[in-house]
Amino acid sequence: MSYTVPIWAKAGDTWARFRVSTTASIGPTGGVADGEVEDYQVSVTGGNVTVIYYPSSEDYTTIAYEDLWPIEGDYDMNDLLVNMRIAEYSIGDQIIRVEIEGQIAAIGAGFNNGFAIQFPSVVPSDVQQANMELVINGASIADPTLDGSQTYAVATIVDNVWSMATRGEGTCEYFRTETNCGSGLRPSWKLVMPLANGIAQSSFPEPPYDPFIFATPGTTHSSMVDSTVGAYPGKQWEVHLKNNAPTDALHNGLIAIGDDTSVPASQQYYQTDTGMPWAIEVPSDWKHPLEREDIRDAYPQFQVFAGSSGSEQQDWYIDAKGQAAFIFAD
């Protein structure tokens, strides 16, 4: 007799339980009137599995956020910086598992923000939620699942990033965004998301998928946001990368107010009338501006890059203003 190993099975040593009984459809646990049960140690191997890394097996990409949306604010783009490395596991042309490693590189936010990842085009039933894994600062989180009532799969990493780092470390008000506040600490997390039946690579969203921040439930996020929503916004407030659509949870009253010029009918989101975004991806472990240092001053070519939707000055993050010690966190 042979058994098919599910494609979402994780390689490594585990146990197989075999039960024989006159009772039909029995599970691995629970009592029955008669029968036999035996356990065998087995090793699950990853035959014919290939791994594709983003940006590489050793490097990180950086996602940086300004959390005053829909107001431009100080535009220092350091309210949250997350380093990410993605591994996609495939058999043939079918992606069977995604693993994402992350680090918190900086937090310059006065507000409390959570961090999550949306997987556009991947519906919740595509994910083997019972076998998801989430590790925060080395500790496993019990029974992680996707957010409910969402069209696409949304995995929440943490409801409040300040729970992973120390606010006011030493003489610092924030985390790695002030002069002489360059802590070597990088709070870490890892998400393992196995897929139920595999998804064709051509149908899977491109890395880095859709990482976004949201307001920590039960906390304020400016008088404009709170009054528009009619309460503390929680997950009704989100910031995504430019032109990435929000999740179903976003409060529609927040769209196209303040400095935001989103036009959902045109798939235009999270940008000002000059094309400035509230979140960016930088393909490196980036030196970010110090607290209240406008990114356009720290990186003079950024405004051209953002205003051209990325078609010009694509290496803007390399050409920085002088006197870096006064501009960048350590």
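Refer to the preceding data block for the structure.
Cut-offs used in this document
- For every chain, the first residue of its written sequence is number 1, and the numbers climb from 1 along that sequence.
- Whole-chain, interface and lining totals are the exception, using all residues; otherwise, since this is a predicted model, local features are given only for residues with pLDDT of at least 70 and side-chain atom pairs are given and counted only at 80 or more.
- Side-chain numbers here rest on the full set of heavy atoms in the structure, without hydrogens or water.
- For this analysis, a ring pair means two rings from Phe, Tyr or Trp (six-membered ring only for Trp) whose centres lie within 6.5 Å, classed as stacked if their planes differ by under 30 degrees, edge-to-face if by over 60, and tilted for the remaining angles.
- A run of DSSP states H or I qualifies as a helix once it reaches four residues; a run of E qualifies as a strand once it reaches two. Both are numbered from the N-terminal end.
- Exposed residues in this analysis have more than 50% of their type's maximum accessible area, buried residues have under 20%, and partly exposed residues fall in between, with area computed by a 1.4 Å probe over protein chains only.
- In this analysis, strands are considered paired if DSSP registers two or more bridges between them.
- Whenever a pair of cysteine sulfur atoms sits within 2.5 Å, that pair is classed as a disulfide.
- Polar contacts, as used here, are pairs of N or O atoms within 3.5 Å; protein pairs need one atom able to donate a hydrogen and one able to accept it. Residues neighboring in sequence count only if both atoms are side-chain atoms.
- Whether two residues are in contact is decided by their heavy atoms: any pair within 4.5 Å suffices.
- We place a 1 Å grid over just the protein atoms. Points where a 1.4 Å probe fits but has no way out form a cavity, open points with protein on both sides within 12 Å along at least 5 of 7 lines form a pocket, and any residue with an atom within 4 Å of a point lines it.
- Grid points are joined across faces, edges and corners, and a volume is the space filled by probe spheres set on the points.
- Under this grouping Gly is polar, as are all residues other than the nonpolar Ala, Val, Leu, Ile, Met, Phe, Trp, Tyr, Cys and Pro and the charged Asp, Glu, Lys and Arg.
- Any carboxyl oxygen of Asp or Glu within 4 Å of a side-chain nitrogen of Lys or Arg constitutes a salt bridge here.

Turning next to the packing of aromatic side chains. This model, assessed by the stated rule, comprises 15 aromatic pairs. Centroid distance Trp 69 to Trp 237: 6.4 Å. Interplanar angle 55°. Geometry classified as tilted. Of the two residues, Trp 69 is situated in the loop between strand E4 (61–65) and strand E5 (80–91) and Trp 237 in the loop between helix H1 (223–229) and strand E13 (238–239); the sequence distance between them amounts to 168 residues. Across the pair, exposure class does not vary: Trp 69 and Trp 237 are buried alike.

Glancing now at the sheet that holds E13. Taken in spatial order, the four strands of this open sheet run E10-E7-E12-E13, and their pairing is antiparallel. Lying at the two open borders of the sheet, with one neighbouring strand each, are strand E10 (153–158) and E13. Across five bridges, strand E7 (residues 113–119) lies against E10 in antiparallel orientation. For Ala 116, the partnering residue across the bridge sits in E10 and is Thr 156.

Applying the stated criterion to the full structure yields one disulfide. Disulfide pairing places Cys 172 opposite Cys 181 at an S-S distance of 1.9 Å. Where Cys 172 bonds to Cys 181 through sulfur, the torsion about that S-S bond is close to -100°, and the disulfide is left-handed. Across the pair, Cys 181 and Cys 172 agree in class, each one buried.

Bringing the side chain of Lys 242 into the picture now. Tracing the sequence through the fold places Lys 242 in the loop between E13 and strand E14 (279–282). In this structure the side chain of Lys 242 is engaged in a polar contact, spanning 2.9 Å, whose partner is the backbone oxygen of Gly 275. Look past the residues within four positions of Lys 242 in its chain and what remains in contact with it is Tyr 269, Tyr 270, Gln 271, Gly 275, Pro 277, Ala 279, Ala 306 and Ser 309.

In this section: the layout of surface pockets. The probe, sized like a water molecule, is rolled over the atoms to show the empty space still left. Approximately 300 Å³ is the volume found for the second largest pocket. For the second largest pocket, the lining is made up of 16 residues, of which Ile 280, Glu 281, Phe 305, Ser 309 and Gly 310 are closest to its centre. Every element with two or more residues in the lining of the second largest pocket is listed here: E14 and helix H3 (302–307). Broken down by class, the residue content of the lining of the second largest pocket amounts to 10 nonpolar, four polar and two charged.

Summarising the element assignment, Ile 257 is placed in the loop between E13 and E14. You can call Ile 257 partly exposed: its relative accessible area is 23%. Residues Ile 257 and Val 225, spaced 32 residues apart in sequence, show a C-alpha to C-alpha distance of 9.9 Å. Among all residues touching Ile 257, those that are not within four sequence positions of it are Pro 70, Met 224 and Thr 228.

Before going further, it helps to spend a moment on unusual backbone geometry. Along the chain, Trp 69 connects to Pro 70 via a cis peptide bond; the corresponding omega equals 10°. With an omega dihedral of 10°, the bond running from Pro 207 to Pro 208 counts as a cis peptide bond. Tracing the backbone through its elements, the reader meets Pro 208 in the loop between strand E11 (188–200) and strand E12 (210–215). For Ser 149, which is not glycine, the phi torsion reads 60° and is therefore positive. One can find Ser 149 in the loop between strand E9 (139–140) and E10. On the basis of relative accessibility, which here comes to 77%, the residue Ser 149 falls in the exposed class. Of note, Ala 256 is a non-glycine position whose phi angle comes to about 65°, a positive value. With respect to the helices and strands, the residue Ala 256 is situated in the loop between E13 and E14.

Tallying each qualifying case throughout the model produces six salt bridges. A salt bridge links Arg 97 to Glu 99, with the nearest nitrogen and oxygen atoms 2.9 Å apart. Of the two residues examined, Arg 97 and Glu 99, each falls in the buried class. Residues joined by salt bridges that share partners form a network here, namely Glu 72, Asp 294 and Arg 296.

This brings us to the pairing of E4. When you tally the buried positions in E4, you get five out of five residues, the bulk of the element. Pairing geometry for E4 and E5, over five bridges, is antiparallel. Its bridge partner lying in E5, Ile 63 is registered against Val 82. Pairing of E4 with E14, which is carried by four bridges, proceeds in the antiparallel orientation. Across the sheet, Tyr 65 pairs through a bridge with Ala 279, a residue of E14.

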